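# Overview (structure and organization)
Here are the chains, one letter per residue:
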Amino acid sequence: MSEYLHVEKPFLDQLKALGWSVVDQGQGMIPSDPALSLRATFRERLLPHVFRDAVSSINLMPDGKPWLEGRQLDDLRDQLLRQPNRTLLEANEVAHGLLLKAQVDRNDVTGEPDPVVALIDFAHPERNVFHAINQFRVDTPGCVKACIIPDIVLFVNGIPLVVVEAKIGDPNTANPMHAAFEQLLRYRNGRPETAKAGLREGEPRFFHTNLFLVRTCGEKAEFGSITSG
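Here we summarise the structure given alongside this text. Note that the coordinates shown come from a computational prediction; the quantities given were computed from them, not determined experimentally. (Residues numbered from 1 in each chain as written. Predicted model: local features only at pLDDT ≥ 70, side-chain atom pairs only at ≥ 80, totals over all residues. Heavy atoms only, no water.)

Time to look at the layout of surface pockets. Empty space within the largest pocket amounts to approximately 290 Å³. Along the wall of the largest pocket there are 19 residues; nearest its centre are Gln-135, Ile-149, Asp-151, Gln-183 and Tyr-187. Those elements that provide at least two residues to the lining of the largest pocket are helix H1 (3–17), strand S6 (147–148) and helix H5 (176–187). Looking at the lining of the largest pocket, its residues break down into eight nonpolar, four polar and seven charged. (1 Å grid on protein atoms, 1.4 Å probe; cavity = no way out; pocket = protein on both sides within 12 Å on 5 of 7 lines; lining within 4 Å. Points joined across faces, edges and corners; volume = space filled by probe spheres on them. Helix = DSSP H or I, 4+ residues; strand = E, 2+ residues; numbered from the N terminus. Nonpolar A, V, L, I, M, F, W, Y, C, P; charged D, E, K, R; others polar.)

Quick look at the structure:
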């Protein structure tokens, strides 16, 4: 049985039916072109052009014109991505705060200092941009493996908020839900045995903006946070 055909693709099809823009990169092959996943390199953890366009379009003046400058959009991106000397949980808490209340230095149109910026329009959900991308490769130099490839990542305004791992039972996988959980741990470098061995095997920074994780085997799905056991 094919994990892609029986678990991953039906998941993507449901998202498409709900209005998500789906980027289906198929199955089996390690992605080789980052442009297919709306990025310039496999080191980028959010969708840069989607982020800039979406955040600009939901922060408007009363006349309907956007007011954020390019440098401010870059600063907002950096606020999300750069969390120096913080643990994964600490960085995740900071990122959640930014999703609810981000700020930039000044509104150059009105002169207002430290204006609040919406990274997601919670009042008008239809104004946001929703992407689901499967086989989302993130390179991990210096780790046990050269990259992680979560089965499906859900983005709102280019920000990765949900990671989905799909598994299917086969002769080598008696408990697909547990296997999916182990894979999600590996992706965020959270397996204790790996840490004890002094090795790295994932990219915790990819999970700084994560709201929840999903494991599914087709017959059922469960979700939790980055601290779920």
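Attention now moves to the pattern of salt bridges. A complete count under the given rule lists 16 salt bridges for this structure. Salt-bridge contacts for Arg-52 lead to Asp-74; the nearest nitrogen and oxygen are separated by 2.6 Å. Residue Arg-52 is found in helix H2 (residues 48–58), and its partner Asp-74 is found in helix H3 (residues 70–81); the two are separated by 22 residues along the sequence. Assessed through its relative accessible area of 30%, Arg-52 is described here as partly exposed. Residue Asp-74 is classed as partly exposed on the basis of its relative accessible area, which comes to 26%. Measuring nitrogen to oxygen at the nearest pair gives 3.0 Å for the salt bridge that ties Asp-105 to Arg-71. With Asp-105 in the loop between strand S2 (102–103) and strand S3 (116–117) and Arg-71 in helix H3, the pair connects residues that are 34 residues apart, well separated along the chain. With a relative accessible area of 45%, Arg-71 lands in the partly exposed category. (Salt bridge = Lys/Arg side-chain N within 4 Å of Asp/Glu carboxyl O. Buried < 20%, exposed > 50% of the residue type's maximum accessible area, 1.4 Å probe, protein only.)

What follows deals with the sheet that holds strand S10 (residues 221–224). The mixed open sheet is built from six strands, whose spatial order is S1-S4-S7-S8-S9-S10. Sheet topology places strand S1 (21–23) and S10 at the edges, where each strand pairs with a single neighbour. On average, adjacent strands in this sheet sit at an angle of 20° to one another, irrespective of strand direction. Judged from the three bridges that link them, S1 and strand S4 (residues 130–134) form a sheet pairing that is parallel. Following the sheet pairing, Val-23 is matched in S4 by Ile-133. Here H1 sits on the sheet in contact with S1, S4, strand S7 (152–156), strand S8 (159–166) and strand S9 (212–216), set at roughly 170° to S4. (Pairing = 2+ DSSP bridges. Axes fitted to C-alpha atoms, helices over the stretch in contact; angles between N-to-C directions. Contact = heavy atoms within 4.5 Å.)

Our focus in this paragraph is the packing of aromatic side chains. All chains considered together, the criterion is met by five aromatic pairs. Summarising the aromatic geometry, the rings of Trp-20 and Phe-130 are spaced 5.1 Å apart at their centres and angled 65° between planes, so their arrangement reads as edge-to-face. Placement of the pair is Trp-20 in the loop between H1 and S1 and Phe-130 in strand S4, with a sequence separation of 110 residues. On the accessibility criterion, Phe-130 (25% relative accessible area) is partly exposed. When the ring of Phe-206 is compared with that of Phe-207, the centres are 5.5 Å apart and the planes differ by 80°; the resulting orientation is edge-to-face. Residues Phe-206 and Phe-207 agree in their burial class; the two are buried. Put simply, the rings of Phe-136, Phe-155, Phe-206 and Phe-207 pair up and form one aromatic cluster. We note Arg-39 situated over the ring of Phe-136; from NZ or CZ to the ring centre the distance is 3.8 Å. (Phe/Tyr/Trp six-rings, centres within 6.5 Å; stacked < 30°, edge-to-face > 60°. Lys NZ or Arg CZ within 6 Å of the ring centre and 35° of its normal.)

Moving on, we come to the state of the cysteines. Within this structure, the stated rule accounts for zero disulfides. The structure places no disulfide on Cys-143, whose sulfur is separated from the nearest cysteine sulfur, that of Cys-147, by 10 Å. Using a relative accessible area of 15% as the deciding quantity, one classes Cys-143 as buried. (Disulfide = S-S within 2.5 Å.)

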